[in-house]
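Per-entry structural report
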Amino acid sequence: MKKYSIVVAGGGSTFTPGIALMLLEEQDRFPIRKIKFYDNDGKRQETIAKACEIYIKENAPEIEFSYTTDPEEAFTDVDFCMAHIRVGKYAMREKDEKIPLKYGVVGQETCGPGGIAYGMRSIGGIIELIDYMEKYSPNAWMLNYSNPAAIVAEATRRLRPDSKILNICDMPVDLEEKMADMVGLKSRKQLDTQYYGLNHFGWWHKIYDNEGNDLMPIIRKKMAENGFAGAISQTDQHVENSWMDTFAKAKDVYALDPETIPNTYLKYYLFPDYVVEHANPEHTRANEVMEHREKHIFEVCNNIIEAGTAKGSPFEPDAHATYIVDLACAIAKNTKEKMLLIVPNEGTIENFDRTAMVEVPCIVGSNGYERIVQGAIPQFQKGLMEQQVSVEKLTVAAWIEGSYQKLWQAITLSKTVPSARVAKLILDDLIEANKEYWPELK
Ligand SMILES: NC(=O)c1ccc[n+]([C@@H]2O[C@H](COP(=O)([O-])OP(=O)(O)OC[C@H]3O[C@@H](n4cnc5c(N)ncnc54)[C@H](O)[C@@H]3O)[C@@H](O)[C@H]2O)c1
Ligand SMILES: O=P(O)(O)OC[C@H]1O[C@H](O[C@H]2[C@H](O)[C@@H](O)[C@@H](O)O[C@@H]2CO)[C@H](O)[C@@H](O)[C@@H]1O
Ligand SMILES: [Mn+2]
């Protein structure tokens, strides 16, 4: 059986250890000959990489492992690039979240002005990775889950329309695990669902079990009672209150259209006042992640390096991330797996912009994906999506053209921002904060 070579772009990511260990666990269906880490921050990456190197040597010595900051070394002889970079890292995420809050506006990683700022940083980084991959391994596929996936996906549509890149998100994966739990099933793979939306901005409108029984009535009842709160998923790593609150708030988001089940991210657009009222402008999600996930991962890695062994360490595979191997196997082995991808609409949602990058179920095989038609969407969702997709398109246009005007329009158009005046105040602060990352705007 063919063995695959993978480069993980963003090797210093807090998700890298869980994903690397998960890849080792999944070798029966996805055998690996080589794993490389690539990052533009060698110091950050080295801690993660040295610990993973010890783990791989102890648990899968047959796999060739290396790590580098050199693009040619990283991207030569690879079959897949698994990309999870964070341009500007958590320090910039903190600014993305705190600057809007200064003006009483939602400060969030991928939503609102914070997501727009993150998108303006990410586009260059992702395009650079695609170009490296195509230069050094022209037959490789990029499985991208670097955020903000919506803006990154629109940028790849505009700038690299023919590249072999699939843009994905794990929020629906997590929420489908929770829905399976709601109906007493063990896995999301026992569900047969239909979904439409933009990334972090979508709805389930059909949910069956694999025998064709309609599960919507039970799930709707559970949502009306508690939202996603109390429903368990494989990796309930979200122990911090901010995530618990998000899962509970889905109850109010659901109330807006009880015919569909909402993605949790709609909270930021439909209840921005609630989000701001419950935010601490001095201590946002970025601070929680730095205090918890980042601190924990780097402590564990340093301990492994110091001990010279991963035995007895709390290192564990990220079971939740197996969706990435589902996708890699679909491409590598033509499995025709059904997966949610962020792809050009082209009629999949019949009453929506054909050029929009929509998050819809696709059948994935060796030659890419086939979209599953979702039909016409209701006026409520259509109105919301038209506003949001325009934000995303104007952001990418602002990046391509270096247009201050279009970025101001993008922020003004966001449902999280009350006026063009506030939008401009936020934009001018973000420009100052992102001087070393954004293209110059005129
Ligand atoms: N799509 C999803 O559902 C999903 C889920 C979880 C995380 N993510 C995304 O995964 C990414 C990683 O998340 P994290 O919290 O581990 O971030 P992190 O900051 O811990 O790691 C990101 C790594 O990317 C590196 N990096 C930044 N710019 C780079 C560039 N231009 N080239 C190469 N490397 C670069 C950084 O140095 C860092 O080591 C983020 O974009 C995050 O939003 C997406
Ligand atoms: O605030 P963070 O950095 O903890 O999470 C932000 C990301 O949240 C979603 O991904 C979750 C995923 O839904 C969950 O099941 C688990 O795997 O953790 C992931 C990261 O926390 C969302 O899909 C991502 O786009 C966000 O970056
Ligand atoms: Mn996501």
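Structure's up top.
Residues numbered from 1 in each chain as written. Chains lettered and ligands numbered in written order. Predicted model: local features only at pLDDT ≥ 70, side-chain atom pairs only at ≥ 80, totals over all residues. Heavy atoms only, no water.

**What to know about the sheet that holds strand β7 (residues 191-198)**
- The strand order β7-β8-β9 describes an open sheet built from three strands, whose pairing is antiparallel. Each edge of the open sheet carries a strand with a single partner, namely β7 and β9 (261-262).
- Strand direction decides the pairing type here: strand β8 (residues 201-209) and β9, joined by two bridges, are antiparallel. Bridging across to β9, W203 finds its partner in P262. (Pairing = 2+ DSSP bridges. Helix = DSSP H or I, 4+ residues; strand = E, 2+ residues; numbered from the N terminus.)

**Regarding the packing of aromatic side chains**
- For the structure shown, the criterion picks out 15 aromatic pairs.
- Ring centres of Y55 and F315 lie 6.1 Å apart, and the angle between their planes is 65°; this geometry places the pair in the edge-to-face category. Of this pair, Y55 sits in helix α2 (residues 42-59) while F315 sits in the loop between α12 (285-307) and α13 (322-333), placing them 260 residues apart in sequence. You'll find Y55 and F315 in the same group, each marked buried.
- On the basis of an interplanar angle of 70° and a centroid distance of 4.8 Å, the ring pair of F201 and Y269 is categorised as edge-to-face. Of this pair, F201 sits in strand β8 while Y269 sits in helix α10 (residues 267-270), and the two are 68 residues apart along the sequence. Exposure class is identical for F201 and Y269. Each is buried.
- Three or more aromatic residues joined by ring pairs make a cluster, and in this case those are Y196, F201, W203 and Y269.
- A cation sits over an aromatic face here: K249 above Y274, 3.7 Å from the ring centre.
- Between K424 and the ring centre of W408, over which it is positioned, the NZ or CZ distance is 6.0 Å. (Phe/Tyr/Trp six-rings, centres within 6.5 Å; stacked < 30°, edge-to-face > 60°. Buried < 20%, exposed > 50% of the residue type's maximum accessible area, 1.4 Å probe, protein only. Lys NZ or Arg CZ within 6 Å of the ring centre and 35° of its normal.)

**Brief notes about the pattern of salt bridges**
- Going through the model one piece at a time under the given rule, you end up with 37 salt bridges.
- In this structure, E259 and R220 form a salt bridge, with 3.4 Å as the shortest nitrogen-oxygen distance. Residue E259 is located in the loop between α9 (241-255) and β9, and its partner R220 is located in helix α8 (residues 216-226); the two are separated by 39 residues in the primary sequence.
- The exposure class of R220 is partly exposed, given its relative accessible area of 28%.
- Here K267 makes a salt bridge to D245, at a shortest N to O gap of 3.5 Å. Taken together, the residues span a long stretch of sequence, with K267 in helix α10 and D245 in helix α9 at a distance of 22 residues.
- Accessibility expressed as a relative area gives 5% for K267, which makes it buried.
- Residue D245 is classed as partly exposed on the basis of its relative accessible area, which comes to 27%. (Salt bridge = Lys/Arg side-chain N within 4 Å of Asp/Glu carboxyl O.)

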